[in-house]
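Each chain is listed here by its residues.
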Amino acid sequence: MTQVLPGSRSPDGSAGRTAAARRRRYTAELAGVLPPSEPFAAWLAAGGDPAPDFARLPARTGLWSPVEGVGAAGEWPARRGVLRARWRRWLTGDLPPAPRRTPVAGQRVRTAGGVEARELVVGGGWSVRARLLLPVPAAGVRREVPVYLLQSSHGPWAEAALARGWGACLVSAADGGDDTEAVERAFPSVVAGRLAWRAWALSRVLDALQDQPGVDARRVLVGGHSRNGKTALLAAAFDDRFAGVVSSSSGVLGAIPARLCTDRHFGEGVELLTRHYPGWYHPRLRWFAGREHRLPTDAHELLALAAPRPVLVSVAVEDPVERVPAARAAVDAAREAFALLGRGDALELALRPGGHRADEAAVAAQLDWAQSVLGGTPRRPGRAPAAPSPVPWPADRVRPRARPVRGAELRAAVRAALGADGRTGGRRPPAGEEGTGEGAVRTPDGVAVTLLHPPGEGGGRGLVLWLGPPCAATGWRAGYEQAEPLPALLAAAGWVVACHDPVGSGSRHGEQPGPGSSPLGRMTADAAAVAVTAAAATGHDRAWVAAYGTGALVALHLTALGAGPGDVPLAGAVLAAPSCGEPLLRERPGYTLADLLATTADRPAVVLDPAWDPEAPPGAVAAACRAAGVPRVRLADWHRLSGATRTAMIDWLDVHGPRRAPV
């Protein structure tokens, strides 16, 4: 669901300034908070573009239709050209056009174990090596087989294809053996990302396969895992000759939208992606760190560019590189392009257990799918049960409204928005599966609680309830960290810290809220139960709250409902970026963030507010804090839990919480 922010064309109220002035200001802002990246700095020094004029780019926190404005299948080619141009402009860079004829030389042919191996050298003035592997047919039999086109690091995948009677082709366009670095030097005027060069190389090898004996060039499937999965999608998106594509755990800007797997989701995010792997995409992508919602395209449009050919998106449910909710959203949005072209069933999402690695079972499932869609026995795609469709926290409910909602009226409105406080359904983690670390206990409803204790200080100076965004793969443990984990830092500072996986994340990824409830309703009820369980286990009679993003909304709904009999009072709260556009509620709330914040007036509380937040209109959080009388600290950063933000949270608790026991 797309949430377009109201109130201003600019993310920070700068619509009245000139475009050049805005770009200079955005450049200075980002330069002040982006972690160092030598390749990015070198690109800027060599004349790289300043930051885009974000005020002129649509603000979309969710996905949109890739076929918006298209009324019929005949209009798709023009729309496809627009989508490809977006990717070239913002992500990949422009690559050389396909040559009129791609030379190919066969250096060596060997036969062993029923497999013929042809060593090919593709190109002219540049070269890419490829190993074509084909099953040797019976004497006197001539046949053409489908081929699985892969990067050279996928040898086991090639063996699995050969065992099925397919051919395989391994291209030297992967880490550890990448001919595209030399290819790039042959085109010195071209600036493009490494993954785009690798995709271009796969297309040039496809040129060579057109005339190879024994190859059915109409059934060449391209595939890859992780960064190679990104490359495979790029190859299929820009070359219509590929018969289909397998994208396995391809992560952000593979099959996972950048705006749905960011720092604020504890996901990979553009900043981490472009800092750790600066050469993968065009350098200008780094400017979108923290402003992923302004990126003019996203992964669902890349998936749509493969339409109407078959596409398999394989995602591991415990993979911190990805988010299952983001994968679902991308596939659902991209499927509109496939439906337009009469192939709505050609795009399939396959969820597999475990983490990032694709094991033998995962590869076998890929080939089962490939055989069914490329001429084998058709099969009905497996469809996961339809997930509930909760309501996102609306951007227009951040700023205060003319009439405050307080007391019993607020509690009733909160209960309506959260839904019934029902039990969860779906998979319940067996005892011992989660929370088996230091001081693990469980709530009466079975939610595992991990207690982090300070070193050598017994019960510590107090109990802190850690509430963060639900990291779909890893629960309360962030999948990708910008700094030392906050719960560990709090424990080191003398606190006992209670942590748990929110519903639908980590070990609880198979759970759904009970009937009539909502994700935020379940999270709020769980947080209250965790506080009680942790207090009983540690001997504390109250809990402090350290919360970020979704967790801050949970904390505020907890305070709005008030402590009931048997609940543990909340002593105070430090709330970082208490805005969240994730679908969490049962219904649209009849109250605002200011109304929630006002319920903390009887205890110490503070809001840490990032300078730019894609989930809140400019100045809205500041206005909510003023209306509620809650102190606010402005952060010169985007919506993320950076090292500086963690330090600010620890320092605030140090000042307002109980003093350290004398040593």
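Source: prediction; values computed, not measured.

The subject of this paragraph is the overall build of the protein. Scanning the protein for helices and strands turns up 18 helices and 23 strands. The C-alpha atoms of the protein give a radius of gyration of 27 Å, which matches the 26 Å a tight globule of 663 residues would have. C-alpha extents for the protein along the principal axes are approximately 85 × 60 × 55 Å. Counting every position in the protein, which comprises 663 residues, the buried fraction comes to 59%. The long-range fraction of contacts in the protein, counting pairs at least 24 apart against all pairs at least 6 apart in sequence, stands at 76%. With an accessible surface of roughly 25200 Å², the protein has 53% of that area assigned to carbon and sulfur atoms.

A few words now on helix α12 (residues 407-418). Helix length check: α12 (twelve residues) gives 17 Å between terminal C-alpha atoms against 16 Å at 1.5 Å per residue, within 8%. The set of residues buried in α12 consists of Leu410, Ala413, Val414, Ala417 and Leu418. All buried residues of α12 lie within an arc of 125 degrees about the axis, which places them on one face of the element. Buried residues belonging to α12 abut α14 (519-538), α15 (550-561), β21 (583-585) and α16 (593-598). Note on α12: the residue one or two positions beyond its end, Gly419, has a positive phi of about 90 degrees.

So, about the pattern of salt bridges. Counted according to the given criterion, the structure contains 45 salt bridges. Between Asp396 and Arg397 there is a salt bridge; the shortest N-O distance is 3.7 Å. For Asp396, a relative accessible area of 37% gives the class partly exposed. Of the charged contacts in the structure, one is a salt bridge between Arg522 and Asp526, with a shortest N-O distance of 3.0 Å. Placement of the pair is Arg522 and Asp526 together in helix α14, with a separation of four residues, close to one helical turn.

A word on the pairing of strand β11 (residues 347-352). Two strands pair when backbone bridges link them, and strand β10 (residues 311-316) and β11 are joined in this way by six bridges, in the parallel orientation. Looking at β11, one finds that Ser314 is bridged to Ala350. In the classification by handedness, the crossover that spans β10, the intervening helix α10 (residues 324-340) and the parallel β11 is right-handed.

Tracing the chain through its elements places Arg477 in the loop between β16 (463-467) and α13 (486-492). With relative accessibility at 38%, the residue Arg477 sits in the partly exposed group. With 29 residues separating them along the chain, Arg477 and Gly506 place their C-alpha atoms 8.4 Å apart.

This next bit is on the packing of aromatic side chains. Counting across every chain of the model gives 16 aromatic pairs. Relative to Trp652, the ring of Trp544 has its centre 6.4 Å away and its plane inclined at 70 degrees; by these criteria the two rings are edge-to-face. In this pair, Trp544 is assigned in strand β19 (residues 543-548) and Trp652 in helix α18 (residues 643-656), connecting sequence segments 108 residues apart. Trp652 carries the same exposure label as Trp544, and that label is buried. Here a set of aromatic residues connected by ring pairs shows up, and it is made of Tyr26, Phe54, Trp90 and Phe288. The ring of Trp64 has Arg60 sitting right over it, with the charged end atom 4.5 Å from the ring centre. Directly above the ring of Trp200 sits Arg204, whose terminal nitrogen or CZ lies 5.1 Å from the centroid.

This part is about the sheet that holds β19. The eight strands lie next to each other as β14-β15-β17-β16-β19-β20-β22-β23, forming an open sheet whose pairing is mixed. Each edge of the open sheet carries a strand with a single partner, namely β14 (441-442) and β23 (632-638). As paired strands, β16 and strand β17 (residues 496-499) are joined by three bridges and run parallel to one another. From the neighbouring strand, Leu463 faces β17, where its bridge partner is Val496.

To continue, consider the sheet that holds strand β9 (residues 244-248). Pairing is mixed across the open sheet formed by nine strands, whose spatial order is β1-β2-β3-β5-β4-β8-β9-β10-β11. Across the chains shown, the open sheet's two edge strands, defined by having one partner strand only, are β1 (104-112) and β11. Averaged over all pairs of adjacent strands, the angle between strand axes in this sheet comes to 20 degrees, irrespective of strand direction. Running over the sheet, α10 touches β10 and β11 and is turned about 165 degrees from β11.

The subject of this paragraph is unusual backbone geometry. Each neighbour pair has its own omega, and for Ala307 with Pro308 the value is 5 degrees, a cis peptide bond. Looking at where Pro308 falls in the secondary structure, it is placed in the loop between α9 (299-304) and β10. Its identity is not glycine, yet Ser226 carries a phi of approximately 60 degrees, on the positive side. For Ser226, the position within the fold is in the loop between β8 (215-225) and α7 (227-238). A positive phi angle, close to 65 degrees, is found at Leu253, a residue other than glycine. Take Leu253: it is sitting in the loop between β9 and α8 (269-276).

What counts as what
In every chain, residue numbers begin from 1 and rise along the written sequence. The predicted nature of this model means local features are confined to residues of pLDDT at least 70 and side-chain atom pairs, given and counted, to a pLDDT of 80 or more, with totals for whole chains, interfaces and linings taken over all residues. Heavy atoms throughout the structure, all of them, feed into the side-chain values; hydrogens and water do not. Numbering of helices and strands runs from the N terminus, with a helix taken as a DSSP run of H or I at least four residues long and a strand as a DSSP run of E at least two residues long. In this treatment the radius of gyration is a C-alpha quantity, and the globule benchmark scales as 2.2 Å times the residue count to the 0.38 power. Here the term buried applies to any residue with accessible area under 20% of the maximum for its type, exposed to any over 50%, and partly exposed to those in between, with areas from a 1.4 Å probe on protein chains only. Residues are treated as being in contact if the distance between any of their heavy atoms lies within 4.5 Å. Surface accessibility follows the Shrake-Rupley procedure with a 1.4 Å probe radius. Residue values consider only the protein chains on display as shielding. To estimate how far a helix should extend, the number of its residues minus one is multiplied by 1.5 Å. Think of it as the arc spanned by the lines of direction from the helix axis to the C-beta atoms. Salt bridges are identified by distance alone: a Lys or Arg side-chain nitrogen within 4 Å of an Asp or Glu carboxyl oxygen. At least two bridges found by DSSP between two strands is the condition for calling them paired. Think of it like this: strands point away, you trace from the first strand over the helix to the second, and a clockwise trace means the crossover is right-handed. Centres within 6.5 Å make a pair out of two Phe, Tyr or Trp rings, where for Trp the six-membered ring is used; the pair is then stacked when the planes are under 30 degrees apart, edge-to-face when over 60, and tilted otherwise. Charge-over-ring contacts are defined here by two conditions on Lys NZ or Arg CZ: a distance within 6 Å of the ring centre and an angle within 35 degrees of the ring normal. The axes used here are C-alpha line fits, helices contributing only the stretch in contact, and every angle between their N-to-C directions lies in the interval 0 to 180 degrees.

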